[in-house]
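Fold and geometry: a report
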Amino acid sequence: MKLTRRQALTGGAAVAASGAIARPPQPRPVGPGSLDGIARRSGRRFGSAVGWSRAGADRGSFANPHYAAILERECELLVAENELKWQWTRPGPDAFDFRQYDAIADYAAGKGFALRGHTLFWTPTKWYPKWLTETHFRSAAEAEHLLATHVRTVCRRYGTRIYSYDVVNEAVQPETGEIRDTNVTRALGGEAFVDLMFHNARAEAPHAQLVYNDYMSWERGREDETHMRGVLKLLEGFRKRGTPVDALGVQSHIRLLEPNSVAQIVRQSEGPWRRFLDQVVAMGYDLVITEFDVNDRMAPTDIVLRDRRVADYAGAYLDVMLSYPQLRDIVSWGMADRYSWLESFDPRADKAPKRGTPYDAHFRPKPLRQAIATALSHAGARHV
Ligand code: XIL
């Protein structure tokens, strides 16, 4: 279906079709032994990223029946891996295209999944549509208008069908701890930019959980300390200024990037990471695991050994995260290695396929799936 210019501008083309299905008030039925079924025992929920593709194409989409079966068996939550991002929805400064996202939202509604919205703005310029990287804002008002129109259009279109938004993604520059310097943040000022996004999201989606999402991680690297400090400073600023932010999204792309044992990595990581999370929850923020997977770049080539290490590492990380009652939702960045973004993002030196998601390339469960199940089953209850 080709959109008229007016339909594209208002995002109106598919409103009638997709807006007709309201999000069901009840959680979807899942088996008690599914990952979501186990998560529910402690008042939590489990879900996954999903992609769009034409029926028959093999790209991590619900259109693949093998993949859909896993999503429908294990999950209560879905998030579109890419299709709500500006690169997908914003072909031009005055245009919107929601066709691919609508397909995902309609699938989610039809099957009773709760839907997270990722993301209203992904801050690094690398992820802007080309026209946005080339935009020279003449005034703050111009940038403000662009962002406000975006938030309004997305939030009004999906209404209560999206229960939680990553309102701003990756605003902090890990090397400096400051808000990234881009043509958009410069036009408004960094703080004014993030505040504007959250105030607009609260006004347009008052029902939704509003999340600041970032990839600060528990592994200790050169930039991780600065990144965590920067995120804390941002979260403190939100509270001081009364910016409506409900939760910190911890992406959780955890990384086996060194040959050290799992125990050694955990020993180095856990203390500083807990101190970070303690400060976050002390400010009244909830936590969300928004993009969980395991980068197994430095784990052994041997699949049995590798799967064990990935599972042990994930279990140790999830145990720490699940000790926080402020964590309710756990979202895996895909359910099967066949479609994992890690494959192209950070390939292994031995060129062996990555194994960082719960199911393998042939949709068979791996030890990582068991490790997630075990961590979820040990988790303390959220409501004491
Ligand atoms: C990734 C997708 O998985 C890829 O398919 C795409 O090419 C790039 O983006 N942090 C995020 C996610 O917030 O949106 C990214 O997703 C992974 C890192």
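**Comments concerning the overall build of the protein chain**
Along the backbone of the protein chain there are 15 helices and nine strands. Each of the three principal axes of the protein chain carries a C-alpha extent, and together these read 55 × 45 × 45 Å. The buried share among the 384 residues of the protein chain stands at 57%. Residue pairs in contact within the protein chain that sit at least 24 positions apart in sequence constitute 79% of those at least 6 positions apart. Only carbon and sulfur atoms are counted for the fraction: they give 54% of the accessible area of the protein chain, which is about 15800 Å². Taken together, the 52 basic and 46 acidic charged side chains of the protein chain have centroids lying 3 Å from each other.

**Some remarks on the environment of P300**
With respect to the secondary-structure elements, P300 resides in the loop between β8 (286-295) and α13 (303-322). Classification of P300 by relative accessible area gives partly exposed; the value is 28%. The sequence separation of P300 and N183 amounts to 117 residues, and the corresponding C-alpha distance is 42 Å. For P300, the contacting residues outside a window of four places in its chain are L305, R306, R309 and R348.

**Some thoughts on the nonpolar core**
Core analysis: the biggest nonpolar cluster contains 107 residues, and Y165, Y212, L248, W273, F276, F292 and Y317 have the highest contact counts within it. Here this core takes nine residues from α13, the largest share from any one element. Once you skip the residues sitting within four places of it in the chain, Y165 turns out to touch L84, R116, G117, L120, V154, C155, Y158, A205, A208, Q209, L210 and V211. If you look at the next biggest cluster of nonpolar residues, it comprises seven residues, including V79, A114, V331 and W333.

**Here we look at the layout of surface pockets**
In this model, the largest pocket occupies a volume close to 950 Å³. Along the wall of the largest pocket there are 36 residues; nearest its centre are E170, Y215, H253, W341 and F345. Where the lining of the largest pocket is concerned, the elements lending two or more residues are α5 (86-89), α11 (224-241), β7 (253-255), β8 and α14 (342-345). Broken down by element, the residue count for the lining of the largest pocket peaks at three residues, all from α14.

**Brief notes about the packing of aromatic side chains**
Enumeration over the complete set of coordinates arrives at 20 aromatic pairs. A centroid spacing of 5.6 Å and a plane angle of 20° characterise the contact between F96 and F98, whose relative ring orientation is stacked. Here W218 and Y317 contribute two aromatic rings whose centre-to-centre distance is 5.1 Å and whose plane-to-plane angle is 70°, an arrangement assigned as edge-to-face. Residue W218 is found in the loop between β5 (209-214) and α11, and its partner Y317 is found in helix α13; the two are separated by 99 residues along the sequence. Using a relative accessible area of 0% as the deciding quantity, one classes W218 as buried. Just above the ring of F113 sits the side chain of R28; from NZ or CZ to the centre is 4.1 Å. Between the NZ or CZ atom of R45 and the centre of the ring of Y163, over which it lies, the distance is 4.6 Å.

**Topic: the environment of L84**
Mapping L84 onto the fold places it in the loop between β2 (77-80) and α5. By relative accessible area, which is 0% here, L84 ends up buried. With 18 residues separating them in the primary sequence, L84 and D102 have C-alpha atoms 9.3 Å apart. In this view, L84 contacts T89, F98, Y101, G117, H118, T119, V154, Y158, I162 and Y165; residues no more than four positions away in its chain are not counted.

**Re helix α6 (residues 99-111)**
Taking 1.5 Å of rise per residue, 13 residues should cover 18 Å, and α6 covers 19 Å from first to last C-alpha, within 8% of that figure. Positive backbone phi, approximately 80°, marks G112, located one or two places after α6.

**Notes on the site of the ligand**
Surveying the vicinity of the ligand reveals 13 residues, the closest of which are E81, K85, H118, N169 and E291. Take Q251: an N or O atom from its side chain is 3.3 Å from an oxygen atom of the ligand. When the ligand is considered free in solution it has 420 Å² of accessible area, and contact with the protein chains removes 83% of it. In this structure, the ligand is accommodated by the largest pocket. The class makeup of the residues in the shell around the ligand is four nonpolar, five polar and four charged.

**A word on empty space enclosed by the protein**
Using the criterion set out here, one finds four cavities of 30 Å³ or more in the structure. In this structure, the largest cavity occupies an estimated 60 Å³ of space. Taken together, K85, W86, Q87, T119, F121, W122, W127, Y128, P129 and L132 make up the full set of residues lining the largest cavity. Here the lining of the largest cavity is composed, by residue class, of seven nonpolar, two polar and one charged.

What counts and how
- Residues numbered from 1 in each chain as written.
- Predicted model: local features only at pLDDT ≥ 70, side-chain atom pairs only at ≥ 80, totals over all residues.
- Heavy atoms only, no water.
- Helix = DSSP H or I, 4+ residues; strand = E, 2+ residues; numbered from the N terminus.
- Buried < 20%, exposed > 50% of the residue type's maximum accessible area, 1.4 Å probe, protein only.
- Contact = heavy atoms within 4.5 Å.
- Areas by Shrake-Rupley, 256 points an atom, 1.4 Å probe, with all protein chains shown as cover.
- Lys, Arg positive; Asp, Glu negative; His and termini not counted.
- Charge placed at Lys NZ, Arg CZ, Asp CG, Glu CD.
- Core = buried A, V, L, I, M, F, W, Y, C linked by side-chain atoms within 4.5 Å.
- 1 Å grid on protein atoms, 1.4 Å probe; cavity = no way out; pocket = protein on both sides within 12 Å on 5 of 7 lines; lining within 4 Å.
- Points joined across faces, edges and corners; volume = space filled by probe spheres on them.
- Phe/Tyr/Trp six-rings, centres within 6.5 Å; stacked < 30°, edge-to-face > 60°.
- Lys NZ or Arg CZ within 6 Å of the ring centre and 35° of its normal.
- Expected span 1.5 Å × (residues − 1).
- Near = heavy atom within 4 Å.
- Polar contact = N/O pair within 3.5 Å; in protein donor to acceptor, adjacent residues only side chain to side chain.
- Sits in = over half its atoms within 2 Å of the grid points.
- Nonpolar A, V, L, I, M, F, W, Y, C, P; charged D, E, K, R; others polar.

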